[in-house]
Amino acid sequence: MANRGDAAVAGGPLVFVSGQAPIDADGAVAEVDAAAQARQALRNVAEVLAEHGTDARHLVKLTYYLRHTADLGDVRRASAAYLDHGPRPASTLVEVSGLEDPRFLIEVDAVACLPRETGAGLR
């Protein structure tokens, strides 16, 4: 299951997605390689965005928290596949000494706009 309750819609038309870990819908941690974990974390971001009426086309900011910067190439490839729709959002990479679970190699948080037809407000 993707992390639930991990998004807040601000007073403006933005959705702030809390850090998404590489956990699938069954609660299993993705394979122990950065590419697979990045793909899963980004799928979780997509799921949270969809729950709030938006998608990757409306991303404005992504933050990647990596245990090892040596994994950056794998993460970039996973991100490129996820963001194949056009302009890239602003992004930040932070190397961290650890994450919530020692099996995690990556966590991703995001900010996206709500499409105009969705409107804004707190959820």
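Quick note: structure is the one above.
This structure is a prediction, so every number in the text was calculated from the model and none was measured. (Residues numbered from 1 in each chain as written. Predicted model: local features only at pLDDT ≥ 70, side-chain atom pairs only at ≥ 80, totals over all residues. Heavy atoms only, no water.)

## With respect to the layout of surface pockets
At step 1: Reported here for the largest pocket is a volume of approximately 190 Å³.
At step 2: Broken down by secondary-structure element, the contributors of at least two residues to the lining of the largest pocket are strand 3 (59-66), helix 2 (72-82) and strand 4 (90-95).
At step 3: When residues in the lining of the largest pocket are grouped by element, the largest group, five residues, is from helix 2.
At step 4: Class assignment of the residues belonging to the lining of the largest pocket gives a composition of eight nonpolar, three polar and two charged. (1 Å grid on protein atoms, 1.4 Å probe; cavity = no way out; pocket = protein on both sides within 12 Å on 5 of 7 lines; lining within 4 Å. Points joined across faces, edges and corners; volume = space filled by probe spheres on them. Helix = DSSP H or I, 4+ residues; strand = E, 2+ residues; numbered from the N terminus. Nonpolar A, V, L, I, M, F, W, Y, C, P; charged D, E, K, R; others polar.)

## A few points about helix 2
At step 1: Three or more residues of helix 2 are buried, namely V75, A78, S79 and Y82. Within helix 2, the buried residues cover an arc of 100° as seen down the axis, which keeps them to one side. Exposed residues lying more than 90 degrees from the buried face of helix 2 are R76, R77 and A81.
At step 2: Looking at the buried residues of helix 2, the elements they touch are helix 1 (34-51), strand 3 and strand 5 (106-113). (Buried < 20%, exposed > 50% of the residue type's maximum accessible area, 1.4 Å probe, protein only. Arc of directions from axis to C-beta. Contact = heavy atoms within 4.5 Å.)

## Observations regarding the nonpolar core
It is characteristic of soluble globular proteins that their nonpolar side chains tend to be buried jointly.
At step 1: Within the largest apolar cluster, 22 residues are counted, with the highest numbers of intra-cluster contacts made by L49, L59, Y82 and V108.
At step 2: When contributions to this core are tallied by element, the ones reaching two or more residues are strand 2 (14-20), helix 1, strand 3, helix 2 and strand 5.
At step 3: It is helix 1 that contributes the most residues to this core, six residues altogether.
At step 4: Once residues within four sequence positions are removed from consideration, V108 is found in contact with S18, G19, Q20, A41, L42, V45, L62, T63 and Y64.
At step 5: Within the second largest apolar cluster, five residues are counted, among which are A21, V96, L99 and F104. (Core = buried A, V, L, I, M, F, W, Y, C linked by side-chain atoms within 4.5 Å.)

## Overview of the pattern of salt bridges
At step 1: Per the counting criterion, the structure on display carries three salt bridges.
At step 2: R57 is the partner of D55 in a salt bridge, and the nearest nitrogen-oxygen pair spans 2.5 Å.
At step 3: We note a salt bridge from R77 to D74, for which the minimum N-O separation is 2.7 Å. Of this pair, R77 and D74 both sit in helix 2, three residues apart, which is roughly one turn of the helix.
At step 4: What makes R77 exposed here is its relative accessible area of 55%. (Salt bridge = Lys/Arg side-chain N within 4 Å of Asp/Glu carboxyl O.)

## So, the packing of helix 1 against helix 2
At step 1: For the pair helix 1 and helix 2, the least separation of the axes is 8 Å and the interaxial angle reads 35°. When you trace helix 1 past helix 2, the crossing you get is right-handed. Listed contacts from helix 2 to A34, A35, A38, R39, L42, V45, A46 and L49 of helix 1 are D74, V75, A78, S79 and Y82.
At step 2: Among the residues forming the contact of helix 1 with helix 2, the class breakdown is ten nonpolar, one polar and two charged. (Axes fitted to C-alpha atoms, helices over the stretch in contact; angles between N-to-C directions. Left-handed = near helix turned anticlockwise from the far one by under 90°.)

## Here we look at helix 1
At step 1: The terminal C-alpha atoms of helix 1, which comprises 18 residues, lie 26 Å apart, in line with the 26 Å expected from a rise of 1.5 Å per residue.
At step 2: A34, A35, A36, Q37, A38, Q40, A41, L42, N44, V45, V48 and L49 are the residues of helix 1 that are buried.
At step 3: With a side-chain oxygen lying 3.0 Å from the backbone nitrogen of A35, the N-terminal cap of helix 1 falls on D33.
At step 4: G53, located one to two residues past helix 1, shows a positive phi value of around 80°. (Expected span 1.5 Å × (residues − 1). Polar contact = N/O pair within 3.5 Å; in protein donor to acceptor, adjacent residues only side chain to side chain.)

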